[in-house]
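Understanding the architecture of this molecule
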Amino acid sequence: AQKVTQAQTEISVVEKEDVTLDCVYETRDTTYYLFWYKQPPSGELVFLIRRNSFDEQNEISGRYSWNFQKSTSSFNFTITASQVVDSAVYFCALTMDSNYQLIWGAGTKLIIKP
Amino acid sequence: ETGVTQTPRHLVMGMTNKKSLKCEQHLGHNAMYWYKQSAKKPLELMFVYSLEERVENNSVPSRFSPECPNSSHLFLHLHTLQPEDSALYLCASSQDGTGSDEQYFGPGTRLTVT
């Protein structure tokens, strides 16, 4: 079975704190792709990152970083020095070569308080 | 012009009305998607078009009828909807329909059925 679990329904932190959003996935495929999307209050889903199953290198983009660990089937997302503009719902998603449909997590609502 | 546009942004319709949602992508992509996002539910994939051919229809009720006249435009024709169809309808596009590529989303149409 394929599944994406985002156990944190909502996280609230004060601005400038670091915050990590968890994503755990399940798949039996050896080739798969993981994604993170951001959905601000305006509603538009914004693509953040794609990672394929053969590339376990962690990625950093400004204040954003991603930790991909196949051993624990996790693809966690960390925001360093959070800002109010980071407030949004963040979705983790999975797709496989055997099934091109995106499998979405339930999303984590992140609230950054000034 | 932004990547994926959707019109209208908001729509209120009665159960006997007929209306259409429009999506246009300016990214030169070959695949387009319709998603439904209801409160407290995961994103639901409704339709997928690749090179203007429908490749997926996830058991969507016939009161939703998609149309893809070319690779840049996608419509969702609505008729005799039910109140439970009220949701955010998101359009997306990707380079192809294989699932390994990231999808780019429009801002969505907030639909209310009265």
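Each remark here, short or long, concerns the structure printed above.
By convention here, each chain's residues receive numbers from 1 onward along its written sequence. Note on labels: chains are lettered from A, ligands numbered from 1, in written order. Given that the model is predicted, a residue must reach a pLDDT of at least 70 before its local features are reported, and side-chain atom pairs must reach 80 or more before they are shown or counted; all residues, however, enter totals for whole chains, interfaces and linings. With hydrogens and water excluded, all non-hydrogen atoms of the structure serve as input to the side-chain values.

Points about the overall build of chain A
Heads up, the condition is: For the purposes of this entry, the term helix denotes a DSSP run of H or I that reaches at least four residues, the term strand denotes a run of E that reaches at least two, and both are numbered from the N terminus. Using C-alpha atoms as the atom set, the radius of gyration is obtained and then compared with a globule rule of 2.2 Å times the number of residues to the power 0.38. Between buried and exposed lies partly exposed: a residue is buried under 20% and exposed over 50% of the maximum accessible area for its type, with that area taken using a 1.4 Å probe on protein chains only. Each accessible area value is a Shrake-Rupley result obtained with a 1.4 Å probe; residue values ignore everything except the protein chains displayed when judging cover. By the counting scheme adopted, Arg and Lys are positive, Glu and Asp are negative, and His together with the chain ends is not counted. Charge placement uses NZ in Lys and CZ in Arg. For Asp and Glu, CG and CD serve respectively.
Helix and strand counts for chain A stand at zero helices and twelve strands. Its C-alpha atoms give chain A a radius of gyration of 14 Å, near enough to 13 Å, the size a compact globule of 114 residues would have. With respect to the three principal axes, the spread of C-alpha positions in chain A is 45 × 25 × 20 Å. Within the span of chain A, comprising 114 residues, buried residues form 46% of the whole. Accessible surface for chain A amounts to roughly 5,600 Å². Of this, 48% is attributable to carbon and sulfur atoms. Between the averaged position of the 10 positive side-chain charges in chain A and that of its 13 negative side-chain charges there is a distance of 2 Å.

So, the state of the cysteines
Quick reminder of the rule: The disulfide criterion is simple: two cysteine sulfur atoms within 2.5 Å.
For the structure on display, the rule yields two disulfides over all chains. A disulfide bridge connects A:Cys23 with A:Cys92, and the sulfur atoms are separated by 1.9 Å. An S-S torsion of about -65 degrees defines the bridge between A:Cys23 and A:Cys92 as left-handed. Of the two residues, A:Cys23 is situated in the loop between strand 3 (19-21) and strand 4 (24-26) and A:Cys92 in strand 10 (residues 88-96); the sequence distance between them amounts to 69 residues. A relative accessible area of 0% means that A:Cys23 is categorised as buried. The partner cysteine of B:Cys23 in its disulfide is B:Cys91, sulfur to sulfur 1.9 Å. Taking the torsion about the S-S bond as the criterion, the B:Cys23 to B:Cys91 disulfide, at about -75 degrees, is left-handed. Here B:Cys91 lies in strand 9 (residues 87-94) and B:Cys23 lies in strand 3 (residues 18-25), a separation of 68 residues in the sequence. For B:Cys68, which is in no disulfide, the shortest distance to another cysteine sulfur is to B:Cys91 and amounts to 9.1 Å.

Comments concerning the side chain of A:Thr31
All names here are of chain A. Inclusion rule: Residues are treated as being in contact if the distance between any of their heavy atoms lies within 4.5 Å.
Here Thr31 shows up in the loop between strand 4 and strand 5 (32-39). A residue is classified by how much of its surface remains accessible, and Thr31, at 18% relative accessible area, is buried. Excluding residues within four positions of it along the chain, Thr31 makes contact with Ser53, Phe54, Met96 and Asp97.

Observations regarding the pairing of strand 8 (residues 73-79) of chain B
Residue and element names in this part refer to chain B. This is how the line gets drawn: Being paired, for any two strands, means DSSP has found at least two bridges between them.
By the criterion of burial, strand 8 is predominantly enclosed, with five of the seven residues buried. Here seven bridges tie strand 3 to strand 8, and the two strands are oriented antiparallel to one another. Residue pairing for strand 8: Lys18 is matched across the bridge by His79. Relative to strand 8, strand 7 (residues 64-70) is paired through five bridges, and the arrangement is antiparallel. Across the sheet, the residue bridging to Pro66 is Leu76, located in strand 8.

Focus: the interface of chain A and chain B
Put simply, the rule reads: What counts as buried area is the accessible surface, traced by a 1.4 Å probe, that two parts surrender upon association, with contributions from both included. The term salt bridge refers to a side-chain nitrogen of Lys or Arg lying within 4 Å of a carboxyl oxygen of Asp or Glu.
Taken residue by residue, the interface counts 16 residues in chain A and 21 residues in chain B. Between chain A and chain B, a total of about 1,600 Å² is buried, with carbon and sulfur atoms accounting for 54% of that surface. As a salt-bridge pair, B:Glu102 and A:Arg50 come within 4.0 Å of each other at their nearest N and O atoms. Going through the elements one at a time, strand 5, strand 6 (46-52), strand 10 and strand 11 (99-104) of chain A are the ones with two or more residues in the side of chain A that touches chain B.

Quick notes on the layout of surface pockets
Test applied: Residues are called lining when one of their atoms sits within 4 Å of a cavity or pocket point, these points coming from a 1 Å grid over the protein atoms alone, where a cavity is a set in which a 1.4 Å probe fits but cannot get out and a pocket is an open set with protein on both sides within 12 Å along at least five of seven lines. Grid points are joined across faces, edges and corners, and a volume is the space filled by probe spheres set on the points. Only Asp, Glu, Lys and Arg are considered charged in this grouping, and only Ala, Val, Leu, Ile, Met, Phe, Trp, Tyr, Cys and Pro are considered nonpolar; every other residue, Gly among them, is considered polar.
Within this model, the largest pocket holds a volume of roughly 650 Å³. In terms of lining, the largest pocket is formed by 26 residues, of which the most central are A:Gln39, A:Val89, A:Phe91, A:Lys109 and B:Gln37. Broken down by secondary-structure element, the contributors of at least two residues to the lining of the largest pocket are strand 10 and strand 12 (108-113) of chain A. Grouping the amino acids of the lining of the largest pocket by side-chain chemistry returns twelve nonpolar, nine polar and five charged.

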